[in-house]
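# Fold and contact review
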Amino acid sequence: QVQLVESGGGLVQPGGSLRLSCAFSGFTLDYYAIGWFRQAPGKEREGVSCISSSRSSTYYADSVKGRFTISRDNAKKMVYLQMTSLKSEDTALYYCARRWGSLCPGMGRRQFDYWGQGTQVTVSS
């Protein structure tokens, strides 16, 4: 069974850092691009970042460029999102998801077929 499980969320002060992890099972990770999404209360789910299957290309939303870094370890079946210089507007439920293909031309929700349950990130002083 295909399964994605996020972890690493929590409470952090503005300007702090946090690393999210997503563990995968049930498929060969190196065949797929993986994305991170987030959704705050009352707002639409937005694409945050994506990484290609071979780590050759990445995508970042304008709101997180220069602050977030996505990475992956296919052998360990893990994908990470390193978040730095966190702001209150980064507060949201963060999801990882498997993309249909191996590349990341964009972050359309319909291009992702399996999703994790989400991990909460709260940025507050």
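Shown above is the structure to which this text applies.
A quick note: this is a predicted structure, and the numbers were derived from the prediction, not measured.

### Quick look at the nonpolar core
Core analysis: the largest hydrophobic core is formed by 28 residues, its most contacted members being F24, W36, L81, M83 and Y94. Counting residues per element, the ones that place at least two in this core are β3 (18–25), β4 (34–39), β5 (46–51), β7 (68–73), β8 (78–83), β9 (92–99) and β11 (119–123). The biggest single contributor to this core is β3, with four residues. Membership of the second largest hydrophobic core comes to seven residues, among which are A33, A97, M107 and F112.

### Here we look at the environment of A61
Here A61 lies in the loop between β6 (58–60) and β7. The exposure class assigned to A61 is buried, which follows from its relative accessible area of 9%. C-alpha separation for the pair A61 and G47, spaced 14 residues apart in sequence, amounts to 6.8 Å. Not counting residues within four places of it along the chain, the set of residues in contact with A61 comprises G47 and V48.

### Things to note about the pairing of β11
Look at any regular strand and the pattern is simple: side chains alternate between the two faces of the sheet. Along β11, the buried face is formed by T119, V121 and V123; none of Q120 and T122, which line the opposite face, is buried. As paired strands, strand β2 (residues 10–12) and β11 are joined by three bridges and run parallel to one another. Bridge pairing links L11 to T122 in β11. One ladder, built from three bridges, connects β9 with β11; its direction is antiparallel. Directly across from A92, in β11, lies its bridge partner V121.

### Some thoughts on the packing of aromatic side chains
The tally for this structure, following the rule as stated, stands at six aromatic pairs. When the centroid spacing of 5.7 Å and the interplanar angle of 85° are considered together, the rings of F24 and F27 count as edge-to-face. A residue is classified by how much of its surface remains accessible, and F24, at 5% relative accessible area, is buried. The buried category is assigned to F27, whose relative accessible area is 9%. Aromatic pair F37 and W115: ring centres 4.7 Å apart, planes at 50°, arrangement tilted. Residue F37 is found in strand β4, and its partner W115 is found in strand β10 (residues 112–115); the two are separated by 78 residues along the sequence. Owing to a relative accessible area of 0%, F37 belongs among the buried residues under this scheme. The partly exposed category is assigned to W115, whose relative accessible area is 26%. Here the aromatic residues F37, Y95, F112 and W115 are joined through ring pairs into a cluster of three or more. Here R98 stacks its cationic end above the ring of F27, 4.9 Å away from the centre of that ring.

### A short note on the state of the cysteines
By the definition in use, this model includes two disulfides. Each disulfide pairs two cysteine sulfurs, and for C22 the partner residue is C96, the sulfurs being separated by 1.8 Å. Of note, the bridge from C22 to C96 carries an S-S torsion of about 50° and is right-handed in sense. Taken as a pair, C22 in strand β3 and C96 in strand β9 lie far apart in primary sequence, 74 residues in all. Classification of C22 as buried rests on a relative accessible area of 0%. Given a relative accessible area of 0%, C96 falls into the buried group. Note that C50 is cross-linked by a disulfide to C104, the S-S spacing being 2.0 Å. An S-S torsion of about -60° defines the bridge between C50 and C104 as left-handed. A residue pair is termed long-range when its members are at least 10 positions apart, and C50 in strand β5 and C104 in the loop between β9 and β10 qualify at 54 residues. Classification of C50 as buried rests on a relative accessible area of 0%. When the cysteines of the chain that form disulfides are numbered from the N-terminus onward, they connect as 1-3, 2-4.

Rules used in this analysis
- The residue count restarts for each chain, going from 1 along the sequence in the order it is written.
- Thresholds applied to this predicted model are a pLDDT of at least 70 for local features of residues and 80 or more for the giving and counting of side-chain atom pairs; totals over whole chains, interfaces and linings are not thresholded and use all residues.
- Based on all heavy atoms of the structure, the side-chain values leave hydrogens and waters out of the count.
- Here, nonpolar core refers to any group of buried Ala, Val, Leu, Ile, Met, Phe, Trp, Tyr and Cys residues whose side-chain atoms link them within 4.5 Å.
- Note on exposure labels: buried denotes an accessible area under 20% of the residue type's maximum, exposed denotes more than 50%, and partly exposed covers the range between, all computed with a 1.4 Å probe on protein chains only.
- The way it works is that DSSP assigns letters per residue, a run of H or I at least four long becomes a helix, a run of E at least two long becomes a strand, and they are numbered from the N terminus.
- What makes two residues a contact is simply this: any of their non-hydrogen atoms within 4.5 Å.
- Pairing between two strands is assigned when DSSP locates at least 2 bridges connecting them.
- Classification of ring pairs rests on two measures: the distance between centres of Phe, Tyr or Trp rings, Trp counted by its six-membered ring, which must be within 6.5 Å, and the angle between planes, read as stacked under 30 degrees, edge-to-face over 60 and tilted in between.
- Here, over-ring charges are defined by two tests on the NZ atom of lysine or the CZ atom of arginine: distance to the ring centre within 6 Å, and angle to the ring normal within 35 degrees.
- Pairs of cysteine sulfur atoms within 2.5 Å are what we label disulfides.

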